[in-house]
Amino acid sequence: QVQIVQSGGGLVQAGGSLTLSCTASKLPRGYYVSAWFRQAAGKEREGVGAISKTDDQTFYRPFAKDRFTISRDNADKIYLRLNNVTAEDTAIYHCAAANVFDLYGLHASNYDYWGQGTQVTVSS
């Protein structure tokens, strides 16, 4: 059974930092974890950023650029580092796996497997 397990969420003060991890197992051939999405209360799900499979090329949505960093250990493990967080970063964060190239699009429909989600709450 496919498993994508996330960890690292929690409460963080405004201006602080934390790191989320995403570890997949038993993904079908060709799939790899590659993207982070988030959904705040009352808002639609939005892409945060993505990382390529092998060359560590990254793409970030404007709100994440220069504050968030995606990194990769291997095809089954990625991280999201959130720096200088603000209240607007409060959301449930999901990592996701795809078998197609979607580095720039961050289209949720391209991602077939999702982590369970982890809450990030930024306090003031």
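Above this text sits the structure in question.
Note that the structure is predicted; figures quoted are calculated from it, not measured.

A.B. asks: Looking at this model, I keep getting lost on the overall build of the chain. Mind explaining?
C.D. replies: The secondary structure content of the chain amounts to 0 helices and 11 strands. Taken from N to C terminus, the helices and strands of the chain fall in the order β-β-β-β-β-β-β-β-β-β-β. Relative to the 2.2 N^0.38 estimate, which gives 14 Å for 124 residues, the radius of gyration of the chain is 13 Å and therefore close to what a compact globule would have. Dimensions of the chain, computed from the C-alpha atoms along their principal axes, are close to 45 × 25 × 25 Å. For the chain, the proportion of its 124 residues judged to be buried stands at 42%. Relative to all contacts within the chain whose residues are 6 or more apart in sequence, the contacts with residues 24 or more apart total 60%. Summed over all atoms, the accessible surface of the chain reaches about 6,500 Å², with 47% contributed by carbon and sulfur. Between the averaged position of the 12 positive side-chain charges in the chain and that of its 11 negative side-chain charges there is a distance of 3 Å.

A.B. asks: What is the right way to look at the state of the cysteines in this model?
C.D. replies: Defined simply, a disulfide is a covalent bond joining two cysteines at their sulfur atoms. Across all of its chains, the model carries 1 disulfide by this definition. Shown here is the disulfide that connects Cys 22 with Cys 95, its sulfur atoms set 2.0 Å apart. On the sign convention where negative means left-handed, the S-S torsion of about 75° between Cys 22 and Cys 95 marks this disulfide as right-handed. In this pair, Cys 22 is assigned in strand 3 (residues 18-25) and Cys 95 in strand 9 (residues 91-98), connecting sequence segments 73 residues apart. Neither Cys 22 nor Cys 95 differs from the other in exposure class; each is buried.

A.B. asks: Hey, could you run me through the nonpolar core in this one?
C.D. replies: Generally speaking, soluble globular proteins have nonpolar side chains that are buried together. Ile 4, Leu 20, Val 33, Trp 36, Leu 80, Leu 82 and Tyr 93 are the most contacted members of the largest nonpolar core, which totals 27 residues. Breaking this core down by element, the ones donating at least two residues are strand 3, strand 4 (32-39), strand 5 (46-51), strand 7 (68-74), strand 8 (77-82), strand 9 and strand 11 (118-123). Ignoring anything within four residues of it in the chain, the contact list for Leu 82 reads Gly 16, Ser 17, Leu 18, Leu 20, Arg 67, Phe 68 and Tyr 93. Core analysis: the next-biggest nonpolar cluster, separate from the first, contains 8 residues, Ala 35, Ala 50, Ala 98 and Leu 103 among them.

A.B. asks: Any chance you could explain empty space enclosed by the protein here in plain terms?
C.D. replies: Empty space among the atoms can be located by rolling a probe the size of a water molecule over them. Using the criterion set out here, one finds 1 cavity of 30 Å³ or more in the structure. If you add up the space inside the largest cavity, you get close to 60 Å³. For the lining of the largest cavity, the class distribution of residues is 7 nonpolar, 2 polar and 1 charged.

Parameters at a glance
Residues numbered from 1 in each chain as written. Predicted model: local features only at pLDDT ≥ 70, side-chain atom pairs only at ≥ 80, totals over all residues. Heavy atoms only, no water. Helix = DSSP H or I, 4+ residues; strand = E, 2+ residues; numbered from the N terminus. Rg over C-alpha atoms; globule rule 2.2 N^0.38 Å. Buried < 20%, exposed > 50% of the residue type's maximum accessible area, 1.4 Å probe, protein only. Contact = heavy atoms within 4.5 Å. Areas by Shrake-Rupley, 256 points an atom, 1.4 Å probe, with all protein chains shown as cover. Lys, Arg positive; Asp, Glu negative; His and termini not counted. Charge placed at Lys NZ, Arg CZ, Asp CG, Glu CD. Disulfide = S-S within 2.5 Å. Core = buried A, V, L, I, M, F, W, Y, C linked by side-chain atoms within 4.5 Å. 1 Å grid on protein atoms, 1.4 Å probe; cavity = no way out; pocket = protein on both sides within 12 Å on 5 of 7 lines; lining within 4 Å. Points joined across faces, edges and corners; volume = space filled by probe spheres on them. Nonpolar A, V, L, I, M, F, W, Y, C, P; charged D, E, K, R; others polar.

Keep in mind these values describe shape, not function.
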